Amino acid sequence: MDSSHLEYLSPQEQLSEFIEKLSSILTELKDDKRVIMISNPQIQKAVESLEADFRRAKALLKSKISPSHDEHIEQVIQNLARALGLVLFASHDVVEITKKVEIEALRKEMMMKMSIVDKPNLIMSSDESEFSSYDSRGIVEEDDRITLDINGIMEEDDSITLDVDDVVVQIKYGDDELLKCALHALNSLVLNHMITKERVHHEDMIPVLFNRLSSSKMDHRLMILRILQSLVVQDDEHKEKTAEMGNLSILVKSLGRDLEEQKEAVGLLVSLSDVAAVKRRVGRIQGCIVMLVSIFNGDDQMASYDAANLLNSLSGNTQYALHMAEARYFKPLVHYLNQGSDMSKILMATAVSRMELTDQNRANLGQAGAIEPLVKMFTTGNLEAKQSSLNALLNLSASKANVQCLIKSGIVATLLQLLFSVTSVLMTLREPASAILAKIAAQSEAGIVLVKHDVAQQMISLLHLTSPVIQCHLLEALNAIAARPNASKVRRKMKENGAVRLLLPLLTESRNTKIRNGALNLIYVLSNDMQGGELMEQLEETHLNTLINVVSSSSTTDDERAAAVGILSNFPVSDKNVTDIFMKANLLPILVSILTISTPTTPRLLSENVAVVLIRFTLPSDKKLQHFSVENGVINVLVKLLTCGSIVAKCRAATSLAQLSQNSLSLRKSRKSRWFSCAPPHPTDAFCVVHDGHCSTRSTFCLVKAGAVPPLVQILQGNEREADEASLNCLATLLHDEIWENGSNLFVKMSCVQPIIKILEEEISLKAQEKSLWILERIFRVEAYRVEYGEYAQVVLIDLAQNGDSLLKPTVAKLLAQLELLQPQSSYF
């Protein structure tokens, strides 16, 4: 049928011909096994829709139709053409329909009929479409009807006509492909203002879109958000409908998805933010504020800008401002601290005081300007304002940057004044005030302020007049002040004013170990500066016993032990009265036990301080005490320190071992002794190649038998130089006049010569250089060793002769003469 033939037929006759052709097509569709076997609801609905329109058309023909009903017939024909198009559209990518060619031909005839009666469809090309960037569509619109061209699916001139009803149906029920096309069609209608707000409301378009937004895939969600944005911009009623609580809850979920969807969702929320109800509702939706803060901190500038606008719009609600602060967006909180009502300021300050903040969060709050208004609240507000602001400042004072701001604000003087206040109403503020002062004191630069204010003695005077909590803070501050290298005058004044005696009663504090620990540390710091018997004048025997009890108690922490042993280590080693007290209290076995069970996690200071006290128990002038020490396992723990202790502990351990080794030669049992002719033979491993006699760790304190030589050499070979002098002194005990040759042989065997020569190059310690030269002079007495090491040593020795300390030159000259580089009679030096 062509257009000329249609011109001669009445609408009733045309409809009759269409129904006759459509009847055979429907029969074929019903019999088509491939269609029946496909369980696709879209195809089924399209065929069912075609059957319904076909039945209505047949019913219309059977009735008596007057010419006045021609327009109604034309509408029926249009509906049939639409139904045929839906069948083709629904099945284009699922199944090859047998009657596809006939269906398309019949649909075109119907469309031609519609064009003849002057109701054309205006087809938009893809480059004219608002969404030409999206493939697979060209869009045509007229009177709530759109024509979609499915590129790559149908022929170039094929088209499917859909009205708004079809669009709504496909958006409600369509699969992904149908939904995609329907959304683009609806978007075009909305952008071109071709769908009225009444129609949008009548079709419940906004709820329908939100329903699909909650379940569709990402591309579809993006298009839905853009359609909703267009609807919201066009009409306030659309905005009110979009702003309903259920819709907002669905919209907020998009804030947690990928970046593009976040951007569209936050943009839509910004468009809705002028609706008063939105400000109330959005902030209550779980996770909304957290996600907005995350978007604000993200990389997309536009999304971040929109998120900031929305957050600021919501910040008019103080509860939302608090939620933002908890999500680490502090701008609204700081605004309330500066310009809010008195109650708002207290609310915000209280929130800051209770927040669990990282150091970076604290610094960010300080940078945002929170310090100044909080200080102002503290200095000028009522008691509640003072309390909340001071607790907030306490939380923020853990940041070094914020401490500097606190000092600049001038709050230190006010805090000190508060500490010494006797006004009962202000007593509750003393705890946070003392805690803030402790934080200030702990900062390396900020603490200088307290040193200059000379408040340490005043703080000590408060120790026995305050609560345990304040005592802890005061001791923390005092320890930080006194431990500063530039606080020697402060320490001296504290000692002169009896600080140690004021602190001693706190050593017996059993209820609060922090107080005891603070007092121990402070006495230890002060005792480090005490000379001679000064410390003994301050501490009596009972106090020494108290300290020893702290060291031995199983409930004591390692930090407390370190401080207590540190105090004991500061008593002069030559004070025999102190040694007797230590012996009576059985201190030595306790110290040996501490080192025996020590691990890499044991505080370094504890091991170092124990090593100092052991020097007292190994003095060479008291062989009886040395024997007692060795019998209690001192040598074993000293060698352990040489192996795995800190460099300071190694230095002190080497000192003790050197003291023990000084008596090894006199304690040895010579192999030539007449007594041995009657005694059973000693095992061969008891003979010492250095001492040329029978040695053991227990009886002669022999370094060789104790295995101390390798770790001593290792110290000289290492990169740390603090223990060189002590190690050399210890090794030198193996080169006494009677045994120097044996000792030299051992040193060469242990590869000790080169590290000793290297120490001469380091110039770290004059005494270490002196001892190195002394040892080399002994070794170079052996000609073979002069030959082996002389060339390497002479370079260093010549440099020392020319540039070294004058005290070294006589020994250097002697060595150069040994190497025949200088005449023994030379007066060069």
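Notes on the structure in this doc start here. Keep in mind that this is a model prediction, so the values were computed, not measured.

1. Section: the packing of helix α34 (residues 541-552) against helix α37 (residues 587-596)
- Look at α34 against α37: their axes get within 10 Å of each other, and the N-to-C directions meet at 30°. Looking at the two axes, α34 sits roughly parallel to α37. The two elements α34 and α37 meet at a crossing, and its hand is left-handed. Residue-level contacts link I548, V551 and S552 of α34 to L587, I590, L591 and I594 of α37.

2. What to know about helix α18 (residues 318-326)
- The set of residues buried in α18 consists of Y320, A321, L322, M324 and A325.
- Each element contacted by the buried residues of α18 is listed here: α15 (276-282), α16 (288-296), α17 (301-314), α19 (331-339) and α20 (342-354).
- The backbone nitrogen of Q319 has a side-chain oxygen 2.8 Å away, supplied by the residue at the start of α18, namely N317.
- Residue R328 follows α18 closely and has a positive phi angle near 75°.

3. What to know about α19
- Residues of α19 that are buried: P332, L333, V334, Y336 and L337.
- For α19, the elements touching its buried residues are α18, α20, α21 (359-367) and α22 (371-380).

4. Observations concerning the environment of K263
- Structurally, the position occupied by K263 is in helix α14 (residues 259-272).
- Classification of K263 as partly exposed rests on a relative accessible area of 24%.
- Spatially, the C-alpha atom of K263 lies 5.0 Å from that of A303, the residues being 40 residues apart in sequence.

5. Concerning unusual backbone geometry
- One non-glycine residue with positive phi stands out, namely H193, at about 55°.
- With respect to the secondary-structure elements, H193 resides in the loop between α8 (176-191) and α9 (197-202).
- In the Ramachandran plot, N586 falls in the positive-phi region, its phi being about 60° despite a non-glycine side chain.
- Here N586 shows up in the loop between α36 (576-584) and α37.

6. Points about the side chain of R362
- Along the chain, R362 turns up in helix α21.
- Note on R362: relative accessible area 14%, which makes it buried.
- Engagement of the side chain of R362 in a polar contact is seen with the side chain of D359, the distance being 3.2 Å.
- In contact with R362, other than residues within four places in its own chain, are L357, N395, L396, A398, S399 and N402.

Definitions and cut-offs
Residues numbered from 1 in each chain as written. Predicted model: local features only at pLDDT ≥ 70, side-chain atom pairs only at ≥ 80, totals over all residues. Heavy atoms only, no water. Axes fitted to C-alpha atoms, helices over the stretch in contact; angles between N-to-C directions. Helix = DSSP H or I, 4+ residues; strand = E, 2+ residues; numbered from the N terminus. Parallel < 35°, antiparallel > 145°, perpendicular 65-115°, else oblique. Left-handed = near helix turned anticlockwise from the far one by under 90°. Contact = heavy atoms within 4.5 Å. Buried < 20%, exposed > 50% of the residue type's maximum accessible area, 1.4 Å probe, protein only. Polar contact = N/O pair within 3.5 Å; in protein donor to acceptor, adjacent residues only side chain to side chain.

Purely spatial values, then, with no claim about function.
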